Amino acid sequence: MPAPLPPTELPTSERVVVLVSCGLSFLGSSLLVCTHALWPELRTRPRQLLLYLSLADLLSALSYFYGVLQDFDRTSWDCVLQGAVSTFANTSSFFWTMAIALYLYITIVRGSPTGTGLLCCFHAVSWGVPLGITVAAVALKKIGYDASNVSVGWCWVNLDAEDRVLWMLLTGKVWEILAYVILPVLYILIKKHINRAHAALSEYRPILSRAPAFQPRTSIADKKLILIPVIFIILRVWSTVRFILTLCNSPAVQNSVLVVLHGIGNTFQGGANCIMFVLCTRVVRTRLFSSICCCHYDELDWPLQRSNSYWQHPEPHKDKDVPGPERTKPLLSST
């Protein structure tokens, strides 16, 4: 590999943008964790997997925030620590993102039963593999200062490592590129399966009086199936572009627009998940806004019984976005 390019300078404005993105991702991941903790009735298996993804994104946002704030200019103990944490969290996020897609494929397309065995396998792979790679990278002194040519202020693979390309692949890029292929394929297969099911159901709709009521809910679910891989690729592709430009030793890797897009894409995954699975999911959004309103009412000494009655007797049939317990399906619970 040719000699590396000079360090990429990060103006204060670019650092501020990336720091804000880190903060929003941290808040979004925290909100996903809180909704899972507060409302047990929303703890479906897909949302349980989403919880683990949110924990990885939360840890990733924290480590990136520290790295961008410090804007390292050499390898130091905190540079190595930050690089190790972000490597583990970022790689784990890739694995959990693919685990969610695989789970939906198994349950919807294959119709196979899923138990604790599959979940344990997801844990072993999604936490174990990133941990093993990170420990090996730290032990072999591959984590360190990278001149921000393949990062945005934070530390990753040491610029002085002779086999740095190999370790860039192992500590993130190979899993990122793999996700570009696996996610669209799985979600396309899922959507095709759902479309076939809708077509089979359509001939019976004239005699099913309640069939139209399902259309808005399934339509929203279909849109999210499309958005999940699309949003992932839109966020992550800038990092891959800069990686390729680095391999080509191109000065375009230091383009300020590309650097900012890379910084936002790597740090905003938690915020994007929050938008899709909290703010754009009616049952969760309604619970969240109602909880905020109830807190406001409590401050005004409104009767507590009214809010308690609401929580104890929800009306799931009014929420077309998510079905009631008796109608819950793997796909719809993922919305």
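See the structure printed just above.
Below is a short write-up of the structure. (Residues numbered from 1 in each chain as written. Predicted model: local features only at pLDDT ≥ 70, side-chain atom pairs only at ≥ 80, totals over all residues. Heavy atoms only, no water.)

Topic: the overall build of the protein chain
To keep it simple, the criterion reads: Only DSSP runs of H or I covering at least 4 residues are called helices, and only runs of E covering at least 2 are called strands; the numbering of each starts at the N terminus. The contact criterion used is simple: two residues touch if any of their non-hydrogen atoms lie within 4.5 Å.
Broken down by element type, the protein chain carries eleven helices and two strands. Helices and strands in the protein chain line up, N terminus first, as α-α-α-α-β-β-α-α-α-α-α-α-α. A separation of at least 24 residues holds for 77% of the contacts in the protein chain among residues at least 6 apart in sequence.

Focus: helix α7 (residues 256–267)
Our working rule: Take the residue count of a helix, subtract one, and multiply by 1.5 Å to get its expected span. Each residue gets one of three labels from its accessible area relative to the maximum for its type: buried under 20%, exposed over 50%, partly exposed in between, using a 1.4 Å probe on protein chains only. Polar contact is the term for a pair of N or O atoms within 3.5 Å; when the atoms are in protein, one must be able to donate a hydrogen and the other to accept it, and sequence-neighboring residues count only if both atoms are side-chain atoms.
Helix length check: α7, at twelve residues, gives a terminal C-alpha distance of 17 Å against a target of 16 Å (1.5 Å per residue), a fit within 8%. Those residues of α7 lying buried are Leu258, Val259, Val260, His262, Gly263, Gly265, Asn266 and Thr267. Its side-chain oxygen at 3.0 Å from the backbone nitrogen of Val257, Asn255 defines the N-terminal cap of α7.

Here's the deal with the nonpolar core
Soluble globular proteins tend to bury their nonpolar side chains together. The condition is simple: Joining through side-chain atoms within 4.5 Å is the link that ties buried Ala, Val, Leu, Ile, Met, Phe, Trp, Tyr and Cys residues into a set, and such a set is a nonpolar core.
Ranked by internal contacts, the top residues of the largest apolar core, which has 39 residues, are Leu49, Trp96, Ile100, Leu104, Leu183, Tyr187 and Ile190. Residue assignment for this core shows that the elements contributing at least two residues are α2 (45–70), α3 (77–110), α4 (116–139), α5 (164–202), α6 (211–247), α8 (269–279) and α9 (282–299). Counting residues per element, this core draws most heavily on α3, which supplies eleven residues. Beyond its immediate sequence surroundings of up to four residues, Leu183 is in contact with Thr97, Met98, Ala101, Pro229 and Phe232. Core analysis: the second largest hydrophobic core is formed by nine residues, Leu10, Leu19, Tyr64 and Trp154 among them.

With respect to the packing of aromatic side chains
To describe a pair of aromatic rings, one takes the distance between the centres and the angle between the planes. We apply this condition: Two aromatic rings from Phe, Tyr or Trp, using only the six-membered ring of Trp, form a pair when their centres are within 6.5 Å; if the ring planes differ by under 30 degrees the pair is stacked, by over 60 it is edge-to-face, and anything between is tilted.
The full count for this structure, using the stated rule, is eight aromatic pairs. Look at Phe94 and Phe232: their rings are 6.0 Å apart centre to centre, the planes differ by 80°, and that puts the pair in the edge-to-face class. With Phe94 in helix α3 and Phe232 in helix α6, this residue pair connects regions lying 138 residues apart in the sequence. With respect to burial, Phe94 and Phe232 carry one shared label: buried.

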